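Close look at the chain arrangement
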Amino acid sequence: MSSSPNIERLYDDHAPALFAFLLNLLRNEADTYDVMQDLFIKLGSRPALLAGVRDERGFLLRLAHNAAIDLIRRRGARERNYNQLAREPAPLFAQSADPDERVFREKLAEALGELPADQRAVVHLKLWEKLTFEAIAETLAIPLNTAASRYRYGLDKLRDRLRPLYDEIK
Amino acid sequence: MNADFEKQLQSQPMRELPRDWRAEILAAAAPRPSGHTMNGRAALPRRPELGRSSSFALPDYAISGLIRGEGSSTWPSLRAWAGLAAAWVVIFLLH
């Protein structure tokens, strides 16, 4: 059975951004796939969800964020139960032929993984979605000041962690 | 320093979305006739081979179905519970 043209357009317009955001939050490709699939199933079965939505990308990022946080909570409980914390995280950045770039990206992915999920979400939306703090606050349903402070704390941690490498390749 | 550092981070491209996901996800999102699947989800392709976080856990749909009280098709069946109840009735009567 074929999907509706609107779902296909939504996928083509927003799936790459949703994938990067979810992969950064979840650090697991299978979980990212499942959340994306659930999201598009929801959109396919309830087209009215998007009726009256002005900012499609923001709306979809919010749905993805809520689903990811829900999964992280459930996964946290499972991992405590089954002691499966030592998983290999999925690669987050594109491969680079330049060895310095490659190391920087690996360390950046590690450093992002050490941020709390709420800071990581804000940092991702600000840096890679280039959203304003107002848009981030609306997407994540948090106050504007909280979005700004989470970004500042997150960026400070990344800078401290990556400073030696950054100074080297600058 | 801050602005330079932010630019350096922004210039790192994220991994691309796997191309084969498009067909799979859009096929799953296509409208289905009612009654075609359990809770609209059971027949959907999942990707456990990608390193799911727990191989021991119940599938998410089963957990959410149980929480909503819809787990009769994924958990011990109605027939099993009825049998257990009948056994207790027999034991009680014999006693």
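All of these numbers come straight from a predicted model, not from anything done at the bench.

Notes on the environment of Gln10(B)
- In this fold, Gln10(B) is placed in helix H1 (residues 2-10).
- As a C-alpha pair, Gln10(B) and Glu24(B) span 14 residues in sequence and 30 Å in three-dimensional space.
- The contact partners of Gln10(B), leaving out residues within four places of it in the chain, are Leu127(A) and Trp128(A).

Description of helix H4 (residues 78-94) of chain B
- Between its first and last C-alpha atoms H4(B) spans 24 Å; for 17 residues at 1.5 Å apiece the expected length is 24 Å, and the two agree.
- The buried fraction of H4(B) is low, at zero of 17 residues.

Quick notes on the domain arrangement of chain A
Residue and element names in this part refer to chain A.
- What the domain assignment reports for chain A is domain 1 (1-87) and domain 2 (94-170).
- Counting from both sides, the interface comprises 12 residues of domain 1 and, opposite them, 13 residues of domain 2.
- By residue number, the principal contributor to the side of domain 1 that touches domain 2 is helix H3 (residues 56-82), which donates six residues.
- Here the side of domain 1 that touches domain 2 is composed, by residue class, of seven nonpolar, three polar and two charged.

Describing helix H2 (residues 20-29) of chain B
All names here are of chain B.
- Listed as buried for H2 are Ile25, Leu26, Ala28 and Ala29. The buried residues of H2 occupy one face: seen down the axis, they fall within an arc of 155°. Turned more than 90 degrees off the buried face of H2, the exposed positions are Asp20 and Ala23.

Some points on the confidence of the model for chain A
- Mean pLDDT over chain A works out to 88, with 89% of the residues at or above the 70 mark.
- Within the model, pLDDT remains below 50 along residues 82-87 of chain A, and this stretch shows eight contacts once partners closer than five positions in the same chain are excluded.

Some remarks on the nonpolar core
- Ranked by internal contacts, the top residues of the largest apolar core, which has 47 residues, are Leu18(A), Leu22(A), Val35(A), Met36(A), Phe40(A), Ala64(A) and Ala68(A).
- Contributing elements (two or more residues each) for this core: helix H1 (5-26), helix H2 (29-45), H3, helix H4 (99-114), helix H5 (117-127), helix H6 (133-140) and helix H7 (144-169) of chain A together with H2 of chain B.
- Each of domain 1 (1-87) and domain 2 (94-170) of chain A contributes no fewer than three residues to this core.

As for the packing of H2(A) against H2(B)
- The N-to-C vectors of H2(A) and H2(B) enclose an angle of 40°; their axes lie 8 Å apart at closest approach. Judged by the angle between their axes, H2(A) and H2(B) are oblique. When you trace H2(A) past H2(B), the crossing you get is right-handed. Touching Tyr33(A), Met36(A), Gln37(A), Phe40(A), Ile41(A), Leu43(A) and Gly44(A) of H2(A) are Trp21(B), Ile25(B), Ala28(B) and Ala29(B), all from H2(B).
- Looking at the contact of H2(A) with H2(B), its residues break down into nine nonpolar, two polar and no charged.

Focus: the environment of Glu101(A)
- Here Glu101(A) is to be found in helix H4.
- Measuring from C-alpha to C-alpha, the distance between Glu101(A) and Phe19(A) comes to 22 Å, with 82 residues separating the pair along the chain.

How each quantity is defined
- Sequence order as written defines residue numbering, which begins from 1 separately in each chain.
- Whichever chain is written first becomes A and whichever ligand is written first becomes 1, with later ones labelled in order.
- Since the coordinates come from a predicted model, pLDDT governs what is reported: local features require at least 70, and pairs of side-chain atoms require 80 or more to be given and counted, while whole-chain, interface and lining totals use all residues.
- Think of it this way: any DSSP run of H or I at least four residues long counts as a helix, any run of E at least two long counts as a strand, and we number them from the N terminus.
- A pair of residues counts as a contact when their C-beta atoms, built from backbone coordinates, are within 7 Å of each other.
- Expected helix span is given by 1.5 Å per residue-to-residue step, counting one fewer step than there are residues.
- Between the buried cut of 20 or more and the exposed cut of 12 or fewer other C-beta atoms within 10 Å of a residue's own C-beta lies the partly exposed class, and all C-beta atoms are placed from the backbone.
- Residue ranges for the domains originate in an automatic or database domain assignment.
- Following the grouping adopted for this structure description, the nonpolar residues are Ala, Val, Leu, Ile, Met, Phe, Trp, Tyr, Cys and Pro, the charged ones are Asp, Glu, Lys and Arg, and the polar ones are all others, Gly among them.
- In this description, one arc is meant: the one made by directions from the helix axis to the C-beta atoms.
- On a scale of 0 to 100, pLDDT captures the predictor's confidence in every residue.
- Only buried Ala, Val, Leu, Ile, Met, Phe, Trp, Tyr and Cys residues enter a nonpolar core, and they are joined through C-beta atoms within 7 Å.
- The angle between two axes is taken between their N-to-C directions and runs from 0 to 180 degrees, where each axis is a line fitted to C-alpha atoms and a helix contributes only its stretch in contact.
- An angle counts as roughly parallel when it lies under 35 degrees, as roughly antiparallel when it exceeds 145, as roughly perpendicular when it falls between 65 and 115, and as oblique in every other case.
- It is the rotation of the near helix from the far one that decides the hand of a crossing: anticlockwise by less than a right angle makes it left-handed, clockwise makes it right-handed.

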